[in-house]
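Secondary and tertiary structure notes
Below are the chains, spelled out letter by letter.
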Amino acid sequence: MQKLVLELKDIEISFFDRTILTINNLKVHQFDRIGVVGKNGSGKSTLLQLLHQDHQPNKGHVNRLIDFGYFKQSESPTSQASDFKLLGQLNVPDRYATQMSGGEQTRLKLAQLFSTYHEGLLIDEPTTHLDTKGVDFLIEELMYYYGALILVSHDRFLLDQLVTKIWEINEGEIIEYTGNYSDYERQKELERIQQQERHEKYVKEKQRLLSAADEKMKKAKKITQANLSMSKKEVKTPANRMFMTKQKDTSQKSVQRAAKALEKRVEQLEEVKAIETEKTIRFHQPKLLQLHNKFPIMADRLTIYMEGTLLFDNASFQFPLGKTIAITGANGSGKSTLLNHILHDREGITLSPKVVFGVYQQLDYQFSKDKTVLEFMKENSHYEESKIRAVLHAMNFTGNDLKKETCQLSGGEAIRLKLCQLFLGSYNVLILDEPTNFLDIHSMKALETFLLNYEGTALLVSHDRAFVKRVADHRYEIQEKGIKQIY
């Protein structure tokens, strides 16, 4: 049996009057490989801070028996020295961390993490800003890592490759599932099916009991009516009259008691709620916005230089109408530059005259207007309020979230609102540059649903392979200063 390396008992973590996490008993063994999933704000990063003893619980005890290395998502690289081989493999530039891009800083932090062996690793969202090559390096390093791994990630491909357990954080509780992320999804689907079966059984039994109680009450009513009828008829002796009245009163009360007993059984039934079924949200475009060109975006012998570096050399392509097109390639290959070139209709690009762009760019999620979420969306959409609310709900804006002021939203909330605005806005071509960064898996799936039901054309850049596989009708890869259609 594997050695116990970490145990949490009777844990409670609260901020002000809100309980973030409650853990009765949770154990980590020597070679466990655990993926942590949950909505943004559910407590994933708080859990890692607790495990690393950066955060103390309000109640309970953390028994940590080994040393853990810790990769923090939001922390800048330290001054720690790194292995030169790792720096080379990760293509980390030789300059100060403050002068590096987000992707370069992430690669430096990974090199620092892997330069020293730790018996356990706590890793929080390591793929943010990483390209496919960087993700592949991370997978290879962790695949052969000899120790306990606890990994927070929204990258489903990464989780499928690396973990053998999933910890789902839901409403402050942690539920453990065996297997990788795909196994977890299958188990969740089975749970939904079983819950629906239990709900249908509950409804059927409730209806049967209520129907039986109703029949009993009808029978009691008939007995009452019969008593009244009999009382009007002549009965030969007072003794006979008394006997018959008593007998019928007893019979009536017996039936009423039986009906009440059935109603009591209904109250004692354990209610099983129906599963929430997601309604399909379609984004129909007004006739004025509809495009008719078979290829609304084209390039012929496109050449692009960026700061003296040749990125594209006589590249040509035709992006088809009404499709979702993913553009992939290594960091620095020119993906964002190409999107910018298309957006500004620069030399070498041919656009349909009626193209109206809606744009999401990395870090493009600041809101300055003092409007509530719902007011902002109603001002920026031609759709009816019910559709707006449905889209916001899909992106996890519910209840009082709709009353939040846009300028006070967190980074993750602002990203989700910006994406809602794009799909509900008056655009016919969407440009999405790394839209999945900082989204939890729930929001990512909502974004996938939006794209699959969007009637316009969408160009997107993403390093998330699972996301691209689910939404892209066509994938183009930038390679050797050109662009090649993969499918």
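Here the structure is a predicted model, which is why all the values come from computation and not from measurement.

Turning our eyes to something else, we now look at unusual backbone geometry. If you check the backbone angles, H129 has positive phi at about 75 degrees while not being a glycine. Tracing the backbone through its elements, the reader meets H129 in the loop between β6 (120–124) and α4 (132–143). Classification of H129 by relative accessible area gives partly exposed; the value is 26%. A positive phi is found at E434, a non-glycine position, where the angle reads about 55 degrees. Tracing the chain through its elements places E434 in the loop between β15 (429–433) and α12 (441–452).

Our focus in this paragraph is the sheet that holds strand β16 (residues 457–461). Strand order in the open sheet formed by six strands is β14-β15-β16-β12-β17-β18, with mixed pairing between adjacent strands. The open sheet terminates on both sides in strands that have one partner only, identified here as β14 (357–360) and β18 (482–485). Here the strands of the sheet are splayed against their neighbours by 20 degrees on average, with no regard to which way each runs. One ladder, built from four bridges, connects strand β17 (residues 474–479) with β18; its direction is antiparallel. Across the sheet, I478 pairs through a bridge with I483, a residue of β18.

The subject of this paragraph is the side chain of S42. Residue placement: S42 occurs in the loop between β3 (33–37) and α1 (44–51). For S42, a relative accessible area of 14% puts it in the buried group. At 2.7 Å, the side chain of S42 and the backbone oxygen of K39 are in polar contact. The residues contacting S42, other than those within four sequence positions of it, are I20, L21 and I169.

Time to look at the nonpolar core. Within the largest apolar cluster, 41 residues are counted, with the highest numbers of intra-cluster contacts made by F283, L392, L417 and L451. Of all the secondary-structure elements, those providing two or more residues to this core are α9 (373–379), α10 (385–394), α11 (411–424), β15, α12, β16 and α13 (465–471). Per element, the largest residue contribution to this core is eight residues, and it comes from α11. Dropping the residues within four chain positions of it, L451 is found in contact with T324, F423, L432, A458, L460, F467 and V471. Counting residues in hydrophobic clusters, the runner-up holds 32 residues, among them L113, F137, V163 and I441.

Two numbers describe how α11 lies on α12: the axes approach to 11 Å, and their chain directions differ by 10 degrees. Judged by the inter-axis angle, α11 sits roughly parallel to α12. Residue-level contacts link R416, L419 and F423 of α11 to S443, L447, F450 and L451 of α12. Looking at the contact of α11 with α12 residue by residue, the class counts come to five nonpolar, one polar and one charged.

Here I275 lies in the loop between α7 (238–268) and β10 (297–306). With 147 residues separating them along the chain, I275 and L422 place their C-alpha atoms 29 Å apart. Apart from residues no more than four positions distant in its own chain, I275 is found in contact with R192, Q195 and Q196.

A few words now on the pairing of strand β5 (residues 68–71). When a strand is regular, its side chains alternate between the sheet's two faces. Burial along β5 is two-sided: F68 and Y70 facing one way and G69 and F71 facing the other are all buried. For β5 and β6, the ladder comprises four bridges, and the chain directions are parallel. Bridge assignment links F71 to a residue of β6, and that residue is I123.

On to the environment of F438, then. Within the fold, F438 resides in the loop between β15 and α12. In this structure F438 comes out as partly exposed when scored by relative accessible area, which is 28%. Remark: the alpha-carbon pair of F438 and R416, spanning 22 residues in sequence, is separated by 9.6 Å.

The rules behind each value
- Residues numbered from 1 in each chain as written.
- Predicted model: local features only at pLDDT ≥ 70, side-chain atom pairs only at ≥ 80, totals over all residues.
- Heavy atoms only, no water.
- Helix = DSSP H or I, 4+ residues; strand = E, 2+ residues; numbered from the N terminus.
- Buried < 20%, exposed > 50% of the residue type's maximum accessible area, 1.4 Å probe, protein only.
- Pairing = 2+ DSSP bridges.
- Axes fitted to C-alpha atoms, helices over the stretch in contact; angles between N-to-C directions.
- Polar contact = N/O pair within 3.5 Å; in protein donor to acceptor, adjacent residues only side chain to side chain.
- Contact = heavy atoms within 4.5 Å.
- Core = buried A, V, L, I, M, F, W, Y, C linked by side-chain atoms within 4.5 Å.
- Parallel < 35°, antiparallel > 145°, perpendicular 65-115°, else oblique.
- Nonpolar A, V, L, I, M, F, W, Y, C, P; charged D, E, K, R; others polar.

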